[in-house]
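Now for the letters of each chain:
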Amino acid sequence: MTDLNPQAREMADESMVRNLDAQARAIWPQEVKLFRRYGLEGASRILDAGCGTGEITSRLADLFPDALVLGVDIVDPHLALARSRHARFGTRVRFEHQTIFGLHAADGTFDLTVCRHVLHAVPYADRVLAELVRVTRRGGRLHLIPEDYGMLHFQRAALDPDAFWHDASTAFGQKTNTDLQIGRDTFEILTRFGLADITVDYVVIDTIRVARDTFASIIEAWRDGYADSIAEYSRFTREEAVAYFDQMIGDIRNPHRYAVWMVPVVSARVP
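Cut-offs applied
Residues numbered from 1 in each chain as written. Predicted model: local features only at pLDDT ≥ 70, side-chain atom pairs only at ≥ 80, totals over all residues. Heavy atoms only, no water. Helix = DSSP H or I, 4+ residues; strand = E, 2+ residues; numbered from the N terminus. Rg over C-alpha atoms; globule rule 2.2 N^0.38 Å. Buried < 20%, exposed > 50% of the residue type's maximum accessible area, 1.4 Å probe, protein only. Contact = heavy atoms within 4.5 Å. Lys, Arg positive; Asp, Glu negative; His and termini not counted. Charge placed at Lys NZ, Arg CZ, Asp CG, Glu CD. Phe/Tyr/Trp six-rings, centres within 6.5 Å; stacked < 30°, edge-to-face > 60°. Salt bridge = Lys/Arg side-chain N within 4 Å of Asp/Glu carboxyl O. Axes fitted to C-alpha atoms, helices over the stretch in contact; angles between N-to-C directions. Parallel < 35°, antiparallel > 145°, perpendicular 65-115°, else oblique. Left-handed = near helix turned anticlockwise from the far one by under 90°.

Novice: Is there a simple way to explain the overall build of the protein in this structure?
Specialist: Within the protein, the regular secondary structure consists of 9 helices and 8 strands. The globule rule puts the C-alpha radius of gyration for 271 residues at 18 Å, and the 18 Å found for the protein is close to it. The burial tally for the protein puts 56% of its 271 residues in the buried class. For the protein, long-range pairs separated by at least 24 residues make up 81% of all intrachain contacts whose partners lie at least 6 apart in sequence. The centroid of the 31 positive side-chain charges in the protein is displaced by 5 Å from the centroid of its 38 negative side-chain charges.

Listed below in structure tokens is the structure:
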């Protein structure tokens, strides 16, 4: 059987906590305006599917102060950290151990269903999307960040980052039965489900819009959490993978160099 959580080791590594924090700090300032357009009011119900440590769950609770927010994940240490960090919300915000392949909620429960940085990490992304659609009410919204590792761009130097991202992500996806370019495929999947008002926006994480230290922290966390797996699954040795990451980190921190990660944000309405 295909492992439904092929990145369990990486997700449980301490580097993932750093990654989730840095990604939230980098992405939220641009993403928040996309959430505002949904016009949620009153005691709306929001699901954060694959909530991790609750970085975005808590921001959604602040943004929509009357909403009831549920964060679900399968990494118990992350859930424990989320509960301790965000206890100030009381019962309005809950964190539960649930798999996104089989959520506990009844059909049509949520007004807004959020799933960020998850679809690229699991097999059968279409099954996950179908489950997210199921628990979203008619007229409700899906809000997705489906990562795409063909949307990272760095200047060439001694090493060619384009070759690294292409070869490493392709091999990683093949070995784990995941799609690390799911960002470009999500629109088509949602059209097959018959969803309406599909939009594709981009958060631009680059060395102009985002603090260089924040951007570099994301790549540092990826290096620390994934170098071993890249060596296991691809043609790159661990030392080579670390060298590529270190060159990219150096470029981000160099005020004369430019780098960009285009982060797709896909939304749709359940008709």
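Novice: What am I meant to see in the packing of aromatic side chains here?
Specialist: What describes a pair of aromatic rings is the distance from one ring centre to the other and the angle between the planes of the rings. Enumeration according to the criterion identifies 15 aromatic pairs in this entry. Judged by centre distance (5.3 Å) and plane angle (80°), the ring pair of phenylalanine 164 and phenylalanine 245 falls under edge-to-face. Note that phenylalanine 164 is positioned in helix α6 (residues 161–176) and phenylalanine 245 in helix α9 (residues 238–253), a separation of 81 residues in sequence. Classification of phenylalanine 245 as buried rests on a relative accessible area of 1%. Through pairs of rings, three or more aromatic residues link up here, namely Tyr149, Phe164, Trp165, Trp222, Phe236, Tyr244, Phe245 and Trp261.

Novice: Help me understand helix α5 (residues 125–134) in this model?
Specialist: Among all positions of α5, only Ala125, Val128, Leu129, Glu131, Leu132 and Val133 are buried. Tucked inside the fold, the buried residues of α5 contact β1 (45–49), β4 (110–116), β5 (136–145) and α7 (182–192).

Novice: When you look at the pattern of salt bridges in this model, what are you seeing that I'm missing?
Specialist: When their charged atoms lie close together, side chains carrying opposite charge are able to pair. Scanning the model with the defined rule gives 28 salt bridges in all. Salt-bridge contacts for glutamate 10 lead to arginine 9; the nearest nitrogen and oxygen are separated by 3.6 Å. Judged by its relative accessible area of 2%, glutamate 10 falls in the buried class. One salt bridge in this structure joins glutamate 131 and arginine 134, with 2.8 Å as the shortest N-O distance. Of this pair, glutamate 131 and arginine 134 are both found in helix α5, 3 residues apart, which corresponds to roughly one turn of the helix.

Novice: Where do I start with the environment of glutamate 239 in this structure?
Specialist: You can see glutamate 239 is positioned in helix α9. Through-space distance from the C-alpha of glutamate 239 to that of arginine 134 is 44 Å; in sequence the pair is 105 residues apart.

Novice: Sorry if this is basic, but what is going on with the packing of α5 against α7 here?
Specialist: Each pair of packed helices can be described by the angle between their axes along with the distance between the axes. At a minimum axis distance of 11 Å, the contact between α5 and α7 shows a crossing angle of 50°. Taken together, α5 and α7 sit at an angle that is classed as oblique. When you trace α5 past α7, the crossing you get is right-handed. Within the contact between the two elements, α5 uses Ala125, Asp126 and Leu129 and α7 uses Ile182, Thr186, Ile189 and Leu190.

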